[in-house]
Amino acid sequence: MSGFKNNFLWGGALAANQVEGAWNEKGKGLSVADVAKYKPNLDVGDYAGHNNITTDMIMKAMVSDDTEYYPKRSGIDFYHKYEEDIKLFAEMGFKTLRISIAWTRIFPTGEEEAPNQDGIAFYKSIFETLKKNNIEPIVTLSHYEMPLHLSITYNGWVERKLVDMFVKYAKVCFEEFGDYVKYWLTFNEIDSVGRHPFITAGIIPDKCKDYSLDEAIYQALHHQYIAAAKATKLCHQMIPDSKMGCMLTKLTTYPNTCHPSDVLLSLERNLDNYSHADIQIFGKYPILYLESLKKKNINIKMEKNDEKILFEGKSDYLAFSYYMSRTESADPNKEKAAGNTIMSVKNPYLESTEWGWQIDPVGLRISLIELYDRYNVPLIIVENGMGALDNLEDNNQIHDNYRIEYLKEHIKEMRKAVEMGVDLFGYTSWAPIDLISVSTSQMSKRYGYIYVDQDDLGHGSKRRYKKDSFFWYQKVIETNGNEIDWE
Ligand code: BG6
């Protein structure tokens, strides 16, 4: 029998900026995602794809209505096709769907006093459709789609004012959608501010004049923690029985060898990764994190009440993404491997995807055990999946056995962790339908159970087709995991 709970939340995860499109419809403002370029070949040192952005590039993008070069502007047209897509998710038996709200549909620049009613109406009709299909929403308030205006005017989250603007936005979401949404998340992969400061926190490197880029990153992180804590407290006050989670990119790091220097380095990387969840789950900064800032000469401005705010706004659960593990070596000459917006040392025991991300299902079990042991709060995997090139055959079939294998092996490890006693309440794979890649803005890097007939430049019928994995995942859900051969 399956080790998963009876009410286990099986489903998939999406982000507004990677699916919705309709970038300038019904009062939506420009977001940072709308100026993120198509970048099939990432520059060395920019594995997140959008770190070399300049004010000049943004100004040019703002006056352009190109959608080929800026593919997130048209997404996969979920804005107009969400009913069809949700029906397909329901056909797979989804218990949950993780989506995000585009802040710019609610407050186009972030500074308005009153929200955009058309944006509210759009998300209400999504939530109504989910309700009709018995799908429980999990909603991320900020998933790489903050208002561009706040980025160019204030250098994003470097400015404290953004805390109030975010809380104002969160309050409208709780007021308007609280009847539909019980599970919330504040910031997607908050730790990624350090890896891609522009798309996560709106920081434009050439605007860092009175402070260094590093200082900007840690200051922005501090403001996001404060905003997340305030939103969490508010959510509890406004929506009875609501649960607010924080979200981490779980970058489990192995030492390349048992050489103490490699072990030390991997320990440092893991502690750094944990610190972002520590702050939100324990409600205070880890001492070693604060000490490391001092050593780096980074002064972040904190206000008198901040410690109290963090402590009063602790997360109820921990959500995380897991795509791969990492390996670290003290030897800078070791062969490298790509990964989720980060480069690591190649692990000789692992295979890689076509984009070079190393496939490590056991690493998921390790991650679950480590996280549960450390935090003792309910866990949910809100992203896990494999970007691959798919082939639409003449009869509109897509045979994606490689994806099934990837997911199956990860779900097996997940079950072993659950059987050990880890409190895991859901799994939303990334992504149930093909969408625009965050790092490269490619369409051809496909994650879905549902194929979207669209190429990298946005050309195609946009028709949806079921891949082999669609039918496989349907059985997994139907049998609460028992479809999988556990041998
Ligand atoms: C996660 C992000 O880190 O990685 C998603 O939260 C993203 O938004 C996913 O799509 C996969 O990355 P990519 O670059 O393949 O889209």
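Here, every reference points to the structure presented above.
The shown structure was predicted, so the numbers you read here are calculated from the model rather than taken from an experiment.

Calculation notes
- Residues numbered from 1 in each chain as written.
- Predicted model: local features only at pLDDT ≥ 70, side-chain atom pairs only at ≥ 80, totals over all residues.
- Heavy atoms only, no water.
- Helix = DSSP H or I, 4+ residues; strand = E, 2+ residues; numbered from the N terminus.
- Buried < 20%, exposed > 50% of the residue type's maximum accessible area, 1.4 Å probe, protein only.
- Contact = heavy atoms within 4.5 Å.
- Disulfide = S-S within 2.5 Å.
- Axes fitted to C-alpha atoms, helices over the stretch in contact; angles between N-to-C directions.
- Parallel < 35°, antiparallel > 145°, perpendicular 65-115°, else oblique.
- Left-handed = near helix turned anticlockwise from the far one by under 90°.
- Nonpolar A, V, L, I, M, F, W, Y, C, P; charged D, E, K, R; others polar.

A. A look at the side chain of D191. Structurally, the position occupied by D191 is in the loop between β4 (183–187) and α8 (197–201). Residue classification places D191 among the buried positions, given a relative accessible area of 5%. Apart from the residues lying within four places of it in its own chain, the contact partners of D191 are M247, L248, T249, N273 and H276.

B. Broad picture of the state of the cysteines. In this structure the tally under the stated criterion is zero disulfides. Here C246 is not cross-linked by a disulfide; its sulfur's nearest cysteine counterpart is in C235, at 13 Å. Judged by its relative accessible area of 1%, C246 falls in the buried class.

C. Representation of the packing of helix α10 (residues 260–281) against helix α13 (residues 361–375). Direction vectors running N to C along α10 and α13 enclose 40°, while the axes themselves pass 12 Å from each other. Classified by the angle their axes make, α10 and α13 are oblique. For α10 against α13, the interelement crossing comes out right-handed. Each of L271, Y274, A277, D278 and I281 in α10 lies in contact with α13, whose residues at this interface are E370, L371, R374 and Y375. Each residue belonging to the contact of α10 with α13 can be placed in one class, and the counts come to six nonpolar, no polar and three charged.

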